[in-house]
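# Architecture at a glance
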Amino acid sequence: MNHSSRRIFLRNTTLAGSALIAPNFLSCQQKTTPVLETYKPQILSTWNHGMPANNEAWKTLQQTGNIVDAVEQGVRVTESDPDNLSVGLQGLPDRDGIVTLDASIMKGDGSCGSVSFVRQIKHPITLARRVMENTPHVMLSGEGARRFAIAEGFALETEQLSPKAEAAYQKWLENAQYKPVVNVENHDTIGMIGIDAEGRLAGACTTSGLAYKMHGRVGDSPIIGAGLYVDDEVGAATATGLGETIIKICGSFLIVELMRQGRSPQEACEETVRRLVAKSKATIKDVQAGFLAINKDGAFGAYAVQPGFNFAQHHPAKQALVDSQSYFPQHG
Ligand code: SD4
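Residues numbered from 1 in each chain as written. Predicted model: local features only at pLDDT ≥ 70, side-chain atom pairs only at ≥ 80, totals over all residues. Heavy atoms only, no water.

### Remarks on the overall build of the protein
Helices and strands together make up the secondary structure of the protein, namely nine helices and 17 strands. Within the span of the protein, comprising 332 residues, buried residues form 55% of the whole. For the protein, the accessible surface area stands at approximately 14,600 Å², while carbon and sulfur atoms represent 52% of it. (Helix = DSSP H or I, 4+ residues; strand = E, 2+ residues; numbered from the N terminus. Buried < 20%, exposed > 50% of the residue type's maximum accessible area, 1.4 Å probe, protein only. Areas by Shrake-Rupley, 256 points an atom, 1.4 Å probe, with all protein chains shown as cover.)

Here it is in structure tokens:
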């Protein structure tokens, strides 16, 4: 373990006047805040595919020292992964059989860019970065985003579905249920948040969105404050899962604001999931949503509605896949 990068805070807070109270009574009244492990630099990503993505982000951070380069290069790995059915052009299509992609990128100084409902672009995260850096706007959508990509020299890829996606789509067409299918396989968006050694933060989020969504549907991932939010003064958060539920509570922004008010990343994720559950009461049994957060000290947290959410963590002492806790317990 690299102790220079790891600081452990253990703080005992006692009730007012407790110094006058006998020790055995004090032990009942004493509230111990949880141990917060902090790591800088650190990269966190949603789901299993976060492991190779984090490796690339880490390598990029070592090479360029730039945390924005790191998160962009990291999630590009997932966008290129031919086996991934919910990020990039090999993802599952909408109900019309068309793959449309959403992505966003944000720096801790508040700069941000995103693209939504974009077709034929292999790396929407890089297009989102171009929106951030080369336009006066935050978000470009659909045909406008595609035209901007062409102007920026991006190649247009084929619209033919990957063999895996085509097979899944043909199977789905047999019943063509319009209800979004939410399960672990169907919310594999990659959200990545990172902090460098000096405490600069950045995040990236990219997805093909909900499988078999209505054509034109946009989820939380490209919405700044929903799928991603980053503020160097506080921390960063990202989301995965049923985007409609995340947008309704401005999930990532809410986490950052809760951390601003003094919550730890873990507490902020849990409170945000509770808010989401409260707002989605009627349908919550069918909903999965998960959040990942880091604060400016490098403390981290994660929480999901249902069991099964995990995240990849990379810092000087550890590269691991970590299971998140959840609001609902393991089924069965
Ligand atoms: C969305 N949050 O579009 C995304 C879903 C997801 O893989 O996580 N998809 O709602």
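After that view of the structure, there is still more to cover.
### Quick word on the site of the ligand
Around the ligand, 15 residues are found, and the nearest of them are Thr 189, Arg 217, Asp 220, Gly 241 and Gly 243. Taking Thr 189, its side chain carries an N or O atom lying 2.5 Å from an oxygen atom of the ligand. Within the contact set of the ligand, an oxygen atom lies 2.8 Å away from a backbone nitrogen or oxygen of Gly 243. Within the complex, 100% of the 290 Å² of free accessible area of the ligand lies under protein. Split by residue class, the shell around the ligand holds one nonpolar, 11 polar and three charged. (Near = heavy atom within 4 Å. Polar contact = N/O pair within 3.5 Å; in protein donor to acceptor, adjacent residues only side chain to side chain. Nonpolar A, V, L, I, M, F, W, Y, C, P; charged D, E, K, R; others polar.)

### Examining the sheet that holds strand β6 (residues 101–107)
Pairing within the open sheet is mixed, and its eight strands lie in the order β8-β7-β6-β10-β9-β5-β15-β16. The open sheet has two edge strands with one neighbour each: β8 (139–141) and β16 (318–323). Between one strand and the next, the sheet's axes are offset by a mean angle of 10°, whatever the strand orientation. Here four bridges tie strand β5 (residues 42–46) to strand β15 (residues 310–315), and the two strands are oriented antiparallel to one another. Paired with Thr 46 across the strands is Phe 311, a residue of β15. (Pairing = 2+ DSSP bridges. Axes fitted to C-alpha atoms, helices over the stretch in contact; angles between N-to-C directions.)

### Considering helix α2 (residues 50–64)
Compared with an ideal rise of 1.5 Å per residue, which puts 15 residues at 21 Å, α2 spans 20 Å between its outermost C-alpha atoms and is within 8% of the ideal. All of the buried residues along α2 are Gly 50, Ala 53, Asn 54, Ala 57, Trp 58, Thr 60 and Leu 61. Within α2, the buried residues cover an arc of 165° as seen down the axis, which keeps them to one side. The exposed residues of α2 that point more than 90 degrees off its buried face are Gln 62 and Gln 63. Taken together, the buried residues of α2 touch β5, α3 (67–79), β9 (190–195) and β15. One or two steps after α2, the chain reaches Gly 65, where phi turns positive at roughly 70°. (Expected span 1.5 Å × (residues − 1). Arc of directions from axis to C-beta. Contact = heavy atoms within 4.5 Å.)

### What about the pattern of salt bridges?
One pass over the full model with this rule turns up 17 salt bridges. The salt bridge involving Asp 83 is made with Lys 164; its shortest N-O contact spans 3.5 Å. Of this pair, Asp 83 sits in the loop between α3 and β6 while Lys 164 sits in helix α6 (residues 163–175); the two residues are 81 residues apart in sequence, bridging distant segments of the chain. Overall, Asp 83 belongs to the exposed group, its relative accessible area being 52%. (Salt bridge = Lys/Arg side-chain N within 4 Å of Asp/Glu carboxyl O.)

### Some thoughts on the sheet that holds strand β12 (residues 235–241)
Taken together, the five strands give an open sheet; going across it, the order is β11-β12-β13-β14-β17, and neighbouring strands pair in mixed fashion. In the strand order of this sheet, the two ends are held by β11 (228–231) and β17 (325–326), each with one partner. With five bridges connecting them, strand β13 (residues 289–295) and strand β14 (residues 300–304) associate as antiparallel partners. The residue bridging Gly 290 from the neighbouring strand is Ala 304, located in β14. Set on the sheet, helix α8 (residues 251–260) makes contact with β11, β12 and β13; between it and β12 the angle comes to about 145°. Each of β13, β14 and β17 touches helix α9 (residues 265–279); the most contacted strand, β14, lies at about 20° to it.

### Details of the pairing of strand β10 (residues 201–207)
With respect to burial, β10 is a largely interior element, seven of its seven residues being buried. Of the two faces of β10, the one lined by Leu 201, Gly 203, Cys 205 and Thr 207 and the one lined by Ala 202, Ala 204 and Thr 206 are each fully buried. Pairing between β6 and β10: six bridges, direction antiparallel. What sits directly across from Ile 105, in β10, is Ala 204. With six bridges joining them, β9 and β10 adopt antiparallel strand pairing. Counted as the bridge partner of Gly 194 is Ala 202 from β10.

### Comments concerning the nonpolar core
Residues Ile 255, Leu 276, Phe 291 and Val 305 are the most contacted members of the largest nonpolar core, which totals 44 residues. Breaking this core down by element, the ones donating at least two residues are β9, β10, β11, β12, α8, α9, β13 and β14. If we ignore the near neighbours within four places in the chain, the residues touching Ile 255 are Ala 237, Ala 268, Cys 269, Thr 272, Phe 291 and Ala 293. The next biggest cluster of nonpolar side chains, apart from the first, holds 40 residues, and it includes Ile 67, Val 75, Ala 165 and Met 192. (Core = buried A, V, L, I, M, F, W, Y, C linked by side-chain atoms within 4.5 Å.)

### Concerning the packing of aromatic side chains
Aromatic ring pairs are described here by two measures, namely the spacing of the ring centres and the angle between the planes. Counted according to the given criterion, the structure contains eight aromatic pairs. For the pair Tyr 169 and Trp 172, a centre-to-centre distance of 6.1 Å together with 15° between the ring planes defines the contact as stacked. Linking Tyr 169 with Trp 172, this pair stays in helix α6, spanning three residues, or about one helical turn. Relative to Tyr 212, the ring of Trp 172 lies with its centre 4.6 Å away and its plane at 10°, an arrangement referred to as stacked. Of this pair, Trp 172 sits in helix α6 while Tyr 212 sits in the loop between β10 and β11, placing them 40 residues apart in sequence. (Phe/Tyr/Trp six-rings, centres within 6.5 Å; stacked < 30°, edge-to-face > 60°.)

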